[in-house]
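Descriptive analysis of the structure
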Amino acid sequence: MAVREEAAGLSGPGRDEEAALLFEKVHYRHDSRWLLPVSPRCCLACALELLPEPGVSLVRKKHVLSGFRDALMKHASLVVQLVAQDQRVCIHFISMLFGLLCNVEDGSITDLCIEVLIQLTTQLKLEQTIHCLLDECHKELCSMPSMRGSLATLTLLGKLVDAIPALADKLVMEHGDLMEHLLRGLVYPNEGVQASVCYLYGKLYSSPVAAEMLLGHFREKLCPLFLSTMDGAQTKELQINCLGLLKQLLKYDLFVSMIMNKSALVENTESVEGPPGETALPLVLKKLLLSRDETLQVASAQCITAVLVHSPAKHALAFIHADIPEFLFEHLSSSSEVLVWSCYNCLILLAEEPLFFSKCHTVYGIESVVRSLQGSLRMNNAELHKQGLLLFAEILTRQPEEIKLFTSSAMCRDAGHALREAVSSPVLEVAAEALKAISAFLRKDHQSALPVLYKELKALVKAMLSRCADLSQTPLNWRPLGHPSNRNSERAILRRGKFLLSTLEGFRNACRLAMEFQREPSAQENPFTAPSAEKEDTLEAFSEFLLSACDSLCIPMVMRYSEQATHPAVMEVFLSVLHGLFVIVPHMKEKFSKKLAASSFIRLALELKSRFCSGLSHSALNQVCSSFLYYMCINLLSAPEKTGPPSQEELSAVSELLQHGLPQISSRGPESLALLSERQYVEEAARQRQYCILLLFYLAYIHEDRQLKSSVTVVGAIRKFLEDTPDLHRVYTHHPLLLRLFLLHPELMRRFGHRVLELWFSWEESSCEELDGVPSAGQPTLPASIAALFHMLRSSPSILLILLDLICSSPMDIAHKVLIVLKTFLRRNEDVQVGGLIRGHFLMILQHLLVEHGSSPSGASGNLPLLLSLLSLVQLRNESEQELDSMAMKLLHQVSKLCGTCSPADSDILQPSFNFLYCSLHQTTLGSQRRAAAVLLSSTALIELLEKMLALTWAEEGSPRTGLLCSAWLLTASFSAQQHQGSLQVHQTLSVELDQVLKALSVPKKKAALLSAAILRFLRTALQQNFSSALVALLPSGAQSLPAPEDTVLSPLGTSQVLSLVIRLQNLLVQKDPLLSHACVGCLEALLDYLHARSPDFALHVACQPWNRFLMFTLLEAGENSFLKPEILRLMTLFVRFRSSSILSQEVGHVLQGAASTDLSTLPASTLQALHGFFLQVQSMGLLTDHSMAQTLQASLESLSLRASLAQPPLQDMLCLGGVSVSLSHIRD
């Protein structure tokens, strides 16, 4: 019934295009399962009845096929389900479509049938349907008396194999006799049929398995027929399909051999005509290469390349004899990048055959190559640039010297311009290929066309060197060992080394070119230059340019690279260049040799020989190093500055000695010195090596080699001389180089370092005063003398031990200077790890003082406060979470003993000592904290001292400095917390008056804010411990009245004390000091927790006081986004937690809105954590009734939870504020 209604709905006068897809007169009988449920509403049953029906017009059938194709494209899965319902129906449908394909001559319907069959077969993925279709095709082709109607079937087969590549093997194995029908199609006089056969063959041969099975078929039948078909092809379709089949065949070496054997040339003739009836592939491809169709030209060139890659030596001759290179060169002028690229590839392979050059193809085509290269460099195609330069380099390298490549200076100039432009390319690979081409270009036979263009050569060499210099100056991003970026840097260094090597090879060729032209009078200068003109374009000017370029560019580049890596090949070419320059510019060889000697090139050559040339390894490098050293030594000896030149006999003797001895030297400096020290009888060869080493050291020394001036022998001589001097003051000269000599040679430093440094500081007045006036956070430019000392300290940190001794034993003025310098050094060089060195030495000093002076070590040395100040600075710069080793524990014990011997008045000693103790406690792990606290708590004298100092906080007279009181309160709070957490043993209790502590929290002066924060930290600790500390006893002040009943539960606090404390905390908060605000909020949190545990109602009463809202208004008026301060967020969180009316949804919304408009990635970790805690508290308390605001809160929580977990802690937790070490986390958390 539903089908009839549906049919009725689709029929009638309002029928649309979808209704035309149905066969109206029978559709009502069809089950609805054959109807596609979506548009276009195709009915498979209607299609099965309509398409074979003779009475239905072709237009109608075409419409149905088109609708079915559209349905397959839009709803493939639904159509597949529709067709696959019944396998018989599916097979019938495919057979019916194939029958329609074979019986209809309308091309558009044929194309639709093929498209539907291909889509349907690939979507169904059913073996049976594929077998059915292949069988139908097989039957159709076998039953045809001629190939006239085979086009559609062959087209279908080709596209089917293209869509399902695995069918190629199946078709060959199971339907092998089809190959005979394909051969019939290939000779059928219809290029459409021939094109479809070639297309199918191409798909079959794309499968290696099928290609192997069809090997005999190709050799015996297809090969000559195919070549003939391709040669006679007229339509582009056939030509393209033939080339496609050829490309597939050329992938296999065996097929290439078959095809080229068919195309073999007749022996001893230049004719490319093959045997009668056969066609040669080179001629066919040449014909296509000459066509005006770019696609065919590209494909032809690619096929030639595909043949040549198998074996240029075997197959290049055939193409060269066919004059194909000539036409490839012609096509280099094309504007098509693909065609030019393809021609480049062909020519590169053809250039491997000597006949390519002997038949003068390169002479004919070099101008085309240069112009093509110039044109391609204007395109944005680096790969094209590289390939063109590769071809140019191959031609320049392989061109025989007897066949002149450049026949005019103009052509040579154009080539130079192109290479100059190429080497300046920002793409490193392009520039690298250009370097190879330049190196090959700088050959005498390429430059011999008069006049020699020396000016152009200078420009080319300069461009080459400048490009390499730019690369060498690009900074590398070094990372720790094993880091991926570090591996990238290593690869970058390797690329730079290869680029530098190519540059040096090009420069060496330029030098060789200059040497070769020196032997030709006609090349000395440009004969066409007027006599009065400036002599710029001459060989002499070019030679001097090479020397200048080497000095200003080559040498710095190589030295810069050698700091990163040393490559023997690079150094070999580099030293051969230097050697060549002695010959190129003979009038400058002495001056150049002196400069090289002063720049440590003697040491460089010796180090290269010792590193790489031991035994028989790197013999070429050894020979180059020896030759370089030989000529440089002869040049240096030939022109001494203060004595007359040696005689010819002496020079001859030295020359013979160097020639025999230098190649035998491969030892390092110390080994060479040891060899010189041998006084026993030695063999003649060893004696020659001794003479050579002595001569090399002598020349290096007299020419002020910076690396050899301070040799071991020189240092030994200085030491012996100074040991006989009663006082260094008599010979001391205040100069950084003298200080460097004494401090960087251990032998001199151990013997004279202390006295020399003492003298150095006695002369340093203004520099130390400049440093003393600089704030700790400043980083001004250092005085030159101080900068030199800092450099030495970084090189040899053991010098610090001498400076520590100077602080302890020198007069006060010198000790003070040393302390200033050391403090500045430690602040500026945080990467230098010297803590262990200084602490160990200081421990010995402190132990000595305590043993020698007993109970009053403070009077033993007036410099002790300076030492302690340095120790606290070293401890302050330590990393957090660092285990305390045995040395650190010993130092804690000794410093605590020292403090126990002091009185509160000894603030100069106590302040740095307290800073050290406090930093040690807070910059270590939890386990080390407890061990350190146990050590410090065992010092009863230290605990008694702290009790006295805390009482001085509210004393009117005799109170120590505020900073010392801050440290005392912070230490007491730390001791109490560690003792309570670890249940540590208490040897001495510490008493404090509670009333006095509360009174001390009045509104502080600016400089006393830190003291208030320290007292609040102490009070917070007591509240957190419920006033039950075993270490600290909080006592009432004087006579106390009986507590009120409501005060008993709050003991030892009273109601009035609590309210007074809250008011004081509010007053301190409005001071808006960040550190003090954190301390206040932390104390208020602890207080409310303490009250809530004893009297929840009273805790809520305190939290809901009206002045809390005024406090919040005051704090939030501090500026835009002031709510994003962590201390304010913590305070708001606290009020929300205790349901205080001072925080309502209005403030919550304000925070949410502000957080949404803020870039959270810019906020510090403390703010993120506080904001996250606030949102969590708001959510848990359920304060929001507005659904949208609740959703906003949830989104903020999800964002913050991730950011808070990933947020990094602040880089520095321990700070020095007003001379007091303070841990931010201790105050805040």
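On a predicted model such as this, the values are computed, not experimentally measured, just so you know.

Turning our eyes to something else, we now look at the overall build of the protein. For the protein, the helix and strand inventory stands at 63 helices and 4 strands. Here the protein, with 1229 residues, has 52% of them falling under the buried criterion. Within the protein, counting contacts between residues at least 6 apart in sequence, those at least 24 apart form 74% of the total. Accessible surface, the protein as shown: approximately 56100 Å² in total, 53% of it carbon and sulfur.

Scanning the model with the defined rule gives 22 aromatic pairs in all. Ring geometry for Y454 against F517: centres 6.1 Å apart, planes inclined by 85°, an arrangement best described as edge-to-face. Remark: F517 occurs in helix α29 (residues 484–518) and Y454 occurs in helix α28 (residues 454–472); sequence separation between them is 63 residues. Three or more aromatic residues joined by ring pairs make a cluster, and in this case those are Y201, Y205, F218, Y252 and F255.

If you walk through the whole model with that rule in mind, you get 21 salt bridges. With a shortest N-O distance of 3.2 Å, K203 and D162 are connected by a salt bridge. A residue pair is termed long-range when its members are at least 10 positions apart, and K203 in helix α12 (residues 191–205) and D162 in helix α9 (residues 151–163) qualify at 41 residues. Given the relative accessible area of 40%, D162 is considered partly exposed. Across the pair E367 and R371 runs a salt bridge, and its minimum N-O distance is 2.4 Å. Taken together, the residues E367 and R371, both in helix α23 (residues 361–376) and 4 residues apart, mark about one turn of the helix. Overlapping salt bridges bring together R69, D70 and E115 as one network.

A surface patch of nonpolar side chains, about 280 Å² in accessible area, is lined by M173, V209 and M213. Mapped onto the elements, V209 comes out in helix α13 (residues 208–213).

Counting along an α-helix, one turn takes 3.6 residues, and residues three or four places apart therefore face a common direction. Between its first and last C-alpha atoms helix α34 (residues 619–638) spans 28 Å; for 20 residues at 1.5 Å apiece the expected length is 28 Å, and the two agree. Most of α34 sits out of view: 15 of its 20 residues are buried.

This structure, assessed with the given rule, holds 0 disulfides. Looking at C46, it has no disulfide partner, and the nearest cysteine sulfur is the one in C43, 3.6 Å off.

Across the junction of S1051 and P1052, the peptide omega takes the value 10°, indicating a cis bond. You will see that S600, though not glycine, has its phi angle at about 70°, which is positive. As for its placement among the helices and strands, S600 is situated in the loop between α32 (589–598) and α33 (601–612). At S983, a position not held by glycine, the phi torsion is positive, near 50°. Counting through the fold element by element, S983 comes out in the loop between α51 (962–982) and β1 (990–993). Classification of S983 by relative accessible area gives exposed; the value is 64%.

Next up on the list: the environment of C303. Inspection of the secondary structure puts C303 in helix α18 (residues 294–308). Assessed through its relative accessible area of 0%, C303 is described here as buried. With 18 residues separating them in the primary sequence, C303 and L285 have C-alpha atoms 7.9 Å apart. With near-sequence residues (within four places) excluded, C303 lies in contact with L243, L246, K247, L250 and L285.

What follows covers helix α30 (residues 539–562). Between the first and last C-alpha of α30 there are 32 Å, a value that for 24 residues agrees with the 34 Å anticipated at 1.5 Å per step. At C550, α30 shows its largest bend, some 45°.

Further remarks concern the pairing of strand β3 (residues 1214–1217). Pairing of β3 with strand β4 (residues 1220–1223) involves 4 bridges; the strand directions are antiparallel. Bridging from a neighbouring strand, C1216 pairs with S1221 of β4. Hairpin connection from β3 to β4: 2 residues lie between these consecutive antiparallel strands, with G1218 at a positive phi of about 60°.

This part takes up the packing of helix α6 (residues 87–103) against helix α7 (residues 107–124). In the contact formed by α6 and α7, the axes pass within 9 Å of each other and the chain directions differ by 155°. Relative to α7, α6 is oriented roughly antiparallel. In this structure, α6 crosses over α7, and the sense of that crossing is left-handed. Judged by residue contacts, C90, F93, I94, L97, F98, L100 and L101 of α6 engage I109, T110, C113, I114, V116, L117, L120 and L124 from α7.

This brings us to the pairing of β1. What you see with β1 is a clean split: L990 and V992 sit on the buried side and S991 and E993 on the side with no burial. Pairing analysis gives 4 bridges linking β1 to strand β2 (residues 1032–1035), with the strands arranged parallel. Paired with E993 across the strands is L1035, a residue of β2.

This brings us to the packing of helix α44 (residues 812–828) against helix α46 (residues 864–876). Between α44 and α46, whose axes approach to 10 Å, the crossing angle comes to 5°. Relative to α46, the element α44 is oriented roughly parallel. Seen from α44, the contacting residues are M812, A815, H816, L819, L822, K823, L826 and R827; seen from α46, they are L866, S869, L870, L873 and V874. In terms of residue class, the contact of α44 with α46 is made up of 9 nonpolar, 2 polar and 2 charged.

Let's shift gears to the side chain of D169. One can find D169 in helix α10 (residues 167–174). Although D169 is buried, it forms no salt bridge, and the closest oppositely charged side chain is K170 at an N-O distance of 9.3 Å.

On to the environment of H987. Within the fold, H987 resides in the loop between α51 and β1. For H987, a relative accessible area of 40% corresponds to the partly exposed category. For the pair formed by H987 and A934, sequence separation is 53 residues and the distance between their alpha carbons is 10.0 Å.

Residues with a pLDDT of 70 or more make up 83% of the protein, whose mean pLDDT is 82. Low pLDDT, under 50, characterises residues 1–15; the predicted model gives this stretch 15 contacts beyond four residues in sequence or across chains. The low-confidence segment residues 265–277 (pLDDT under 50) makes 12 contacts with residues lying over four places distant or belonging to another chain.

Calculation rules
- Residues numbered from 1 in each chain as written.
- Predicted model: local features only at pLDDT ≥ 70, side-chain atom pairs only at ≥ 80, totals over all residues.
- Heavy atoms only, no water.
- Helix = DSSP H or I, 4+ residues; strand = E, 2+ residues; numbered from the N terminus.
- Buried < 20%, exposed > 50% of the residue type's maximum accessible area, 1.4 Å probe, protein only.
- Contact = heavy atoms within 4.5 Å.
- Areas by Shrake-Rupley, 256 points an atom, 1.4 Å probe, with all protein chains shown as cover.
- Phe/Tyr/Trp six-rings, centres within 6.5 Å; stacked < 30°, edge-to-face > 60°.
- Salt bridge = Lys/Arg side-chain N within 4 Å of Asp/Glu carboxyl O.
- Patch = residues over 30% accessible without salt bridge, like charges linked within 9 Å, V, L, I, M, F, W, Y side chains within 5 Å.
- Expected span 1.5 Å × (residues − 1).
- Disulfide = S-S within 2.5 Å.
- Bend = angle between axes of the 7 residues up to and from the residue.
- Pairing = 2+ DSSP bridges.
- Axes fitted to C-alpha atoms, helices over the stretch in contact; angles between N-to-C directions.
- Parallel < 35°, antiparallel > 145°, perpendicular 65-115°, else oblique.
- Left-handed = near helix turned anticlockwise from the far one by under 90°.
- Nonpolar A, V, L, I, M, F, W, Y, C, P; charged D, E, K, R; others polar.
- Lys, Arg positive; Asp, Glu negative; His and termini not counted.
- pLDDT = per-residue confidence, 0-100.

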